[in-house]
Amino acid sequence: ELPLAVLKKPHCFCTWTSSLFNINQQSNKLECAESSSQNHTESFGSTAPADSDHYQVYHTPVLDSRCKERMFLPHRSSSLVALSSFPGAGNTWVRHLIELVTGYYTGSFYFDGSLYNRGFKGEKDYWKSGRSICVKTHESGQKEIEMFDSAILLIRNPYRSLIAEFNRKCAGHLGHATEAQWESKEWPEFVSSYAPWWASHALSWMKFGRRLLVVHYEELQRALLSQLRLIAAFLNITISEERLLCSQSNQDGYFKRPGAQRPSFDPFTPDMRQMIDSFILTVDLALQSRNFSRIPQEYLPR
């Protein structure tokens, strides 16, 4: 019934995730090879001592239950917090993480039955009810932005966002567009419409948002725990280390699109790339001028 197995021959211990073992850290393959070789030698009667400094750590098939319990806020909040992103930027994933780490449901400006059926119970709640820790929105008009008292602005590489949203439009939250759909006129029309929106969405929230925390999708992937601590602090929620570690071990949730299936050709033409790269630079300059964390270097045009 425990989610973590720790093997130190000849013993195996089952336990909860803890800060002693960073389950996302890559193991040192050389050390593992040496340890494996040593164990193999020992099994044939070698007198070499076992390496007591190394453990093998595994996920069991059991999900960590310490962060499964969620509820609406015990007292309605008079302050509305947006979780704002361009479509395809990972809003559903971040909602999942926020619910795990805080224990409170997130709401939505819209209603998506498939999300509700997957456990996002705040999906049906009126977005202004004040019962949710934050509210998902893709809106980018001044009026809609100013309805919120503060916002987490989630930004993702526009190339990946565009691909993710085109996949969702064509095949739902977990599916992939077909080769024929990538090759159709629907794709270039989609890019010409959505790429400018990627930039205008971020720029509008930076301009009209009253209190803003900028979170980069790629930073969440790279340093999940530190980013979750920043988000919790912004939401004024005290979180336990146990809940944080549990969130790490259950981070994928139900809405991670399986595999990295992509079209067999580069769907972005040189003209598309020139346009998108200019938008990346514009957003990066705006972030820099407002002292927000800048666009990750990995997708700045070179």
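Let me sum up the structure you'll find in this document. As the structure is a computational prediction, the values presented were derived from the model and not from experiment. (Residues numbered from 1 in each chain as written. Predicted model: local features only at pLDDT ≥ 70, side-chain atom pairs only at ≥ 80, totals over all residues. Heavy atoms only, no water.)

### A few points about the sheet that holds strand β2 (residues 11–15)
As a reminder of what qualifies: Pairing between strands is defined by DSSP: at least two bridges between them are needed. Working definition: helices are DSSP H or I runs of at least four residues, strands are E runs of at least two. Numbering for both runs from the N terminus. Only the stretch in contact is used when fitting a helix axis, every axis being a line fitted to C-alpha atoms; angles between N-to-C directions are given from 0 to 180 degrees.
Strand order across the open sheet formed by 3 strands is β2-β1-β3, with antiparallel pairing between neighbours. Looking along the sheet, the strands with just one partner apiece sit at the ends: β2 and β3 (56–59). Going from strand to strand, the sheet's axes swing by 20° on average, the running direction of each strand aside. Taken together, the 5 bridges between strand β1 (residues 4–8) and β2 define a ladder with antiparallel strand orientation. Among the inter-strand pairings, V6 is bridged to a residue of β2, identified as F13.

### Side note on the environment of S226
Note the following rule: Any pair of N or O atoms that falls within 3.5 Å is considered a polar contact. Within protein, one atom must be able to donate a hydrogen and the other to accept it, and sequence-neighbouring residues count only if both atoms are side-chain atoms.
Locating S226 in the fold gives a position in helix α9 (residues 224–234). Sequence separation between S226 and L244 is 18 residues, and the spatial gap between their C-alpha atoms is 9.8 Å. A distance of 3.1 Å separates a polar side-chain atom of S226 from the backbone oxygen of A223.

### Quick word on the pairing of β1
Once β1 ends, the chain turns through 2 residues before running back antiparallel as β2. With 4 bridges connecting them, β1 and β3 associate as antiparallel partners. In the strand pairing of β3, L4 is matched with H59.

### What to know about helix α10 (residues 241–249)
Counting along an α-helix, one turn takes 3.6 residues, and residues three or four places apart therefore face a common direction. Selection rule: With a 1.4 Å probe rolled over the protein chains alone, any residue whose accessible area is under 20% of its type maximum counts as buried; one over 50% counts as exposed, and the rest are partly exposed. Contact definition: two residues touch when any of their heavy atoms are within 4.5 Å.
Taken across its 9 residues, α10 has 7 buried, putting it largely inside the fold. Buried within α10 are the following residues: R243, L244, L245, C246, S247, Q248 and S249. Where the residues of α10 are buried, they touch β3, α2 (91–102) and α9.

### What about the nonpolar core?
Spelled out, the test is: Nonpolar cores are built from buried Ala, Val, Leu, Ile, Met, Phe, Trp, Tyr and Cys residues. Side-chain atoms within 4.5 Å join them into one set.
Of all hydrophobic cores here, the largest spans 39 residues; its most connected members are I155, L162, W187, W198 and I295. When contributions to this core are tallied by element, the ones reaching two or more residues are β7 (150–155), α5 (158–171), α7 (186–208), β8 (212–216) and α11 (270–289). When residues of this core are assigned to their parent elements, the largest contribution, 10 residues, is made by α7. Not counting chain neighbours up to four residues away, the residues in contact with L162 comprise F86, W187, F190, Y194, A195, F268 and I276.

### Thoughts on α2
Which entries qualify depends on this criterion: Helix span is expected to be 1.5 Å times the residue number reduced by one.
Look at α2: 16 Å from first C-alpha to last across 12 residues, which is about the 16 Å you get at 1.5 Å a residue. Most of α2 is tucked away, with 12 of its 12 residues classed as buried. Of all the residues in α2, the buried ones are N91, T92, W93, V94, R95, H96, L97, I98, E99, L100, V101 and T102. Two residues or fewer past α2, G103 is found with a positive phi of approximately 85°.

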